[in-house]
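Overview (structure and organization)
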Amino acid sequence: MRKILVIHGPNLNLLGTREVDVYGSVTIDGINKDLERCAKAKKVSLEIVQSNHEGDIVEKIGSAKGKFDAILINPAAYTHTSVAIRDAISAVSIPTVEVHLSNIYSREEFRHTSLIAPVAKGQVSGFGKMSYLLGLEAAISLVGK
Ligand code: DQA
């Protein structure tokens, strides 16, 4: 069975109460439940992690080689700052899909640059929880059966 690593970056543990006007009332548990439901239907297995620490995310990606067939990541604020996460994705060369709940291109200018996008297979941005579900579909199609 194909294995996909799902990574939620910093502050996404606060979804549900955090900037509800931007991110909606969806919680991380709600997102994870829907991802698990979709994964079960598509017969792939998921490991889901959330971290507020850049180094933890780098280590998780760095040890993913040989264990996971694809990565689905919302790097959150690290999208715009983390050369380390970008280099980790590049180093393991595991197909990676970047997702964002909000449309990062319609927000503040500092969010318009993703350091992750050039090393990701693609990006889904702006569809709330659906960004994750569409991203998971994309990751599954990348890894095949
Ligand atoms: C985010 C967008 C980022 O700019 C922000 O720092 C986040 C969440 C999103 O999912 O829309 O924390 O990645």
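Now for a description of the structure that goes with this document. (Residues numbered from 1 in each chain as written. Predicted model: local features only at pLDDT ≥ 70, side-chain atom pairs only at ≥ 80, totals over all residues. Heavy atoms only, no water.)

**Examining the overall build of the protein chain**
What counts is decided by this rule: Helical segments are the DSSP runs of H or I of at least four residues, strand segments are the runs of E of at least two, and each set is numbered from the N terminus. C-alpha atoms define the radius of gyration, and 2.2 Å times the number of residues to the power 0.38 defines the globule rule. Buried means the residue's accessible area, taken with a 1.4 Å probe over protein chains only, is under 20% of the maximum for its type, while exposed means over 50%, and partly exposed covers the values in between. Note on areas: Shrake-Rupley, 1.4 Å probe, and residue coverage restricted to the protein chains presented here. When charges are counted, Lys and Arg are positive and Asp and Glu negative, with His and the chain ends excluded. For this purpose, a charge sits on NZ of Lys, CZ of Arg, CG of Asp or CD of Glu.
When helices and strands are counted, the protein chain shows 5 helices and 5 strands. For the protein chain, the N- to C-terminal ordering of α and β elements is β-α-α-β-α-β-α-β-β-α. Here the protein chain has a C-alpha radius of gyration of 14 Å; the compact-globule value for 145 residues is 15 Å, and the two agree. Its C-alpha atoms give the protein chain principal-axis dimensions of about 40 × 30 × 20 Å. Taking all 145 residues of the protein chain together, 45% fall into the buried category. For the protein chain, the exposed area adds up to about 7,100 Å²; of that, 52% sits on carbon and sulfur atoms. One finds the centroid of the 17 positive side-chain charges in the protein chain at a distance of 10 Å from the centroid of its 15 negative side-chain charges.

**Some thoughts on the nonpolar core**
Worth spelling out the cut-off: The definition of a nonpolar core used throughout is a set of buried Ala, Val, Leu, Ile, Met, Phe, Trp, Tyr and Cys residues joined through side-chain atoms within 4.5 Å.
Among the nonpolar cores identified, the biggest contains 25 residues, and Ile 4, Leu 35, Leu 46, Leu 72, Leu 101, Tyr 132 and Leu 136 are the most heavily contacted of them. Elements represented by at least two residues in this core include exactly strand 1 (3-8), helix 2 (28-42), strand 3 (70-74), strand 4 (96-100) and helix 5 (129-143). The element that contributes the greatest number of residues to this core is helix 5, accounting for 6 residues.

**A few points about unusual backbone geometry**
Here the phi dihedral of Asn 11 falls at roughly 75°; this positive angle occurs in a residue that is not glycine. Relative to the elements of secondary structure, Asn 11 occurs in the loop between strand 1 and helix 1 (20-23). Relative accessible area serves as the criterion here: at 33%, Asn 11 is assigned to the partly exposed category. Positive phi is not limited to glycine here, since Lys 43 has a value of about 60°. Relative to the elements of secondary structure, Lys 43 occurs in the loop between helix 2 and strand 2 (45-50). On the accessibility criterion, Lys 43 (61% relative accessible area) is exposed.

**With respect to the packing of helix 3 (residues 54-62) against helix 4 (residues 83-92)**
What counts, and what does not: Note on geometry: axes are lines fitted to C-alpha atoms, helical ones only across the stretch in contact, with angles between N-to-C directions running from 0 to 180 degrees. Throughout, the term roughly parallel applies to angles under 35 degrees, roughly antiparallel to angles over 145, roughly perpendicular to angles from 65 to 115, and oblique to all others. It only takes one pair of heavy atoms within 4.5 Å for two residues to be counted as in contact. All residues other than Ala, Val, Leu, Ile, Met, Phe, Trp, Tyr, Cys, Pro, Asp, Glu, Lys and Arg, Gly among them, are scored as polar; the first ten of these are nonpolar and the last four charged.
As a packed pair, helix 3 and helix 4 sit with axes 9 Å apart at the nearest point and diverge in direction by 5°. Judged by the angle between their axes, helix 3 and helix 4 are roughly parallel. Of the residues in helix 4, those touching helix 3 at Glu 54, Ile 57, Val 58, Ile 61 and Gly 62 are Ala 84, Ile 85, Ala 88, Ile 89 and Val 92. When grouped by side-chain class, the residues that make up the contact of helix 3 with helix 4 number 8 nonpolar, 1 polar and 1 charged.

**Points about the site of the ligand**
Using the following cut-off: We call a residue near a given molecule or strand whenever any one of its heavy atoms falls within 4 Å of it. Pairing of N or O atoms within 3.5 Å defines a polar contact, subject to two protein rules: one partner must be a possible hydrogen donor and the other a possible acceptor, and residues neighboring in sequence count only if both atoms are side-chain atoms. Buriedness of a pocket was judged along seven lines, with at least five required to meet protein on both sides within 12 Å; pockets are open sets of points on a 1 Å grid over the protein atoms alone, cavities are sets where a 1.4 Å probe fits but cannot get out, and lining residues have an atom within 4 Å of a point. For a molecule to be placed in a cavity or pocket, more than half of its atoms must lie within 2 Å of the grid points of that cavity or pocket.
What surrounds the ligand is the set Arg 18, Tyr 23, Asn 74, Ala 76, Ala 77, His 80, His 100, Leu 101, Ser 102, Ile 104, Arg 107 and Arg 111. Within the side chain of Arg 18, one N or O atom sits 3.0 Å away from an oxygen atom of the ligand. Within the side chain of Arg 111, an N or O atom sits 2.9 Å from an oxygen atom of the ligand. Under a 2 Å grid-point criterion requiring more than half of the atoms, the pocket assigned to the ligand is the largest pocket. Split into classes, the residues belonging to the shell around the ligand amount to 5 nonpolar, 4 polar and 3 charged.

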